[in-house]
Amino acid sequence: MLVDTHCHLNFNAFDTDRVEVVQRAREAGLTRILNPGIDLPSSHAAVKLAETFPEVHAAVGVHPNDALSWEESSYTNLQALAQQNKVVAIGEIGLDYYWHMAPHDLQQQIFKAQLKIATENHLPVVVHVRDADQEQRPAMQDCLNILKAWHTNLLETGNPLANNPGVLHSFSGTQEDARQASSLNFYLGITGPVTYPKAFVMQAVVAQGPSDRLLIETDAPFLTPNPYRGKRNEPAYVHYVAEKIAQINGYTYDNLSEITTQNAGRLFHW
């Protein structure tokens, strides 16, 4: 069995063959697919998709690149969405200092607001972090600092979410970033680039990180793994990510699939 813990099935890249894409995922052995929102309309769409396909579950949230869409009513609207059936996480939320689509302070503000929604609803978070400066990694550092404060609050208030608070989606940080994230009980979402020949840093993170904190993702329609790099990604291709991680860590494919499926179940309770 396999799961894809991050896929944007509601994006228009799948408008012409969405049913066939889900069917191919089933044939590839996928039992669960998480579809996160990036703003309020796409969060509503994610919930609707989850109601349509048995294996699809939803996360709801406002992406940092869509921070300018945040309004006074956004908090209340996300609160309502978070309580819908098959919503298993708050996301995709976080910080993006690569595209500069919104001021950093605004990104941080709505990130913290959505962490509060996660706390109140006992839902894990799906966190996006992207830096332009790969040396200093300010987005990663700011993100980890925010998550440390949040995690400390979860511990102090006895919130069980502290044990499995969320995932750093499409992780692209260093081994030290991975260590800090793991110390906060966060999972690392590994995507298609781990299959690329020059992905040395990501492969090192996978090799040295705890296997019980790894998740496999596609981020479809983006980040397509080899051998389909350059083409549209889809959930069925998550098995290429699983195969590469198994190769790196010396697991059998079946064993790695079982581990990551169990990890996802522990985090999302689906």
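Caption draft 1: Representation of the packing of aromatic side chains. This structure, assessed with the given rule, holds seven aromatic pairs. Summarising the aromatic geometry, the rings of Tyr228 and Tyr237 are spaced 4.5 Å apart at their centres and angled 5° between planes, so their arrangement reads as stacked. Taken together, the ring pairs in this structure connect Tyr228, Tyr237 and Tyr240 into an aromatic cluster. Looking at Arg130, its charged tip hangs above the ring of Tyr98, at a distance of 3.7 Å from the centre. Positioned above the aromatic ring of Tyr196 is the side chain of Arg229, whose terminal nitrogen or guanidinium carbon lies 3.6 Å from the ring centre.

Caption draft 2: Structural context of the packing of helix H2 (residues 40-52) against helix H3 (residues 74-82). Running from amino to carboxyl end, H2 crosses H3 at an angle of 10°, the nearest separation of the two axes being 11 Å. Taken together, H2 and H3 sit at an angle that is classed as roughly parallel. Across from Leu40, Ser43, His44 and Val47 in H2, the residues of H3 making contact are Ser74, Asn77, Leu78 and Leu81. Grouping the constituent residues of the contact of H2 with H3 by class yields four nonpolar, four polar and no charged.

Caption draft 3: Spatial organisation of the side chain of Asn164. With respect to the helices, strands and loops of the structure, Asn164 is situated in the loop between helix H5 (138-156) and strand E6 (166-168). With near-sequence residues (within four places) excluded, Asn164 lies in contact with Pro124, Asn185, Tyr187, Arg213, Arg266 and Leu267.

Caption draft 4: The layout of surface pockets, seen in detail. In this structure, the largest pocket occupies an estimated 560 Å³ of space. For the largest pocket, the lining is made up of 24 residues, of which His128, Arg130, His169, Asp219 and Leu223 are closest to its centre. Contributions of two or more residues to the lining of the largest pocket are made by strand E4 (87-96) and strand E5 (125-130). With three residues, E5 is the largest single contributor of residues to the lining of the largest pocket. When grouped by side-chain class, the residues that make up the lining of the largest pocket number nine nonpolar, nine polar and six charged.

Caption draft 5: Region of interest: empty space enclosed by the protein. Counted according to the given criterion, the structure contains two cavities of 30 Å³ or more. Looking at the largest cavity, its volume works out to about 50 Å³. Along the lines of polarity and charge, the residues of the lining of the largest cavity split into two nonpolar, three polar and three charged. Counted as a void, the second largest cavity has a volume near 30 Å³. Lining the second largest cavity are Val127, His128, Val129, Met140, Leu168, His169, Ser170, Phe171 and Ser172.

The rules behind each value
Residues numbered from 1 in each chain as written. Predicted model: local features only at pLDDT ≥ 70, side-chain atom pairs only at ≥ 80, totals over all residues. Heavy atoms only, no water. Phe/Tyr/Trp six-rings, centres within 6.5 Å; stacked < 30°, edge-to-face > 60°. Lys NZ or Arg CZ within 6 Å of the ring centre and 35° of its normal. Axes fitted to C-alpha atoms, helices over the stretch in contact; angles between N-to-C directions. Helix = DSSP H or I, 4+ residues; strand = E, 2+ residues; numbered from the N terminus. Parallel < 35°, antiparallel > 145°, perpendicular 65-115°, else oblique. Contact = heavy atoms within 4.5 Å. Nonpolar A, V, L, I, M, F, W, Y, C, P; charged D, E, K, R; others polar. 1 Å grid on protein atoms, 1.4 Å probe; cavity = no way out; pocket = protein on both sides within 12 Å on 5 of 7 lines; lining within 4 Å. Points joined across faces, edges and corners; volume = space filled by probe spheres on them.

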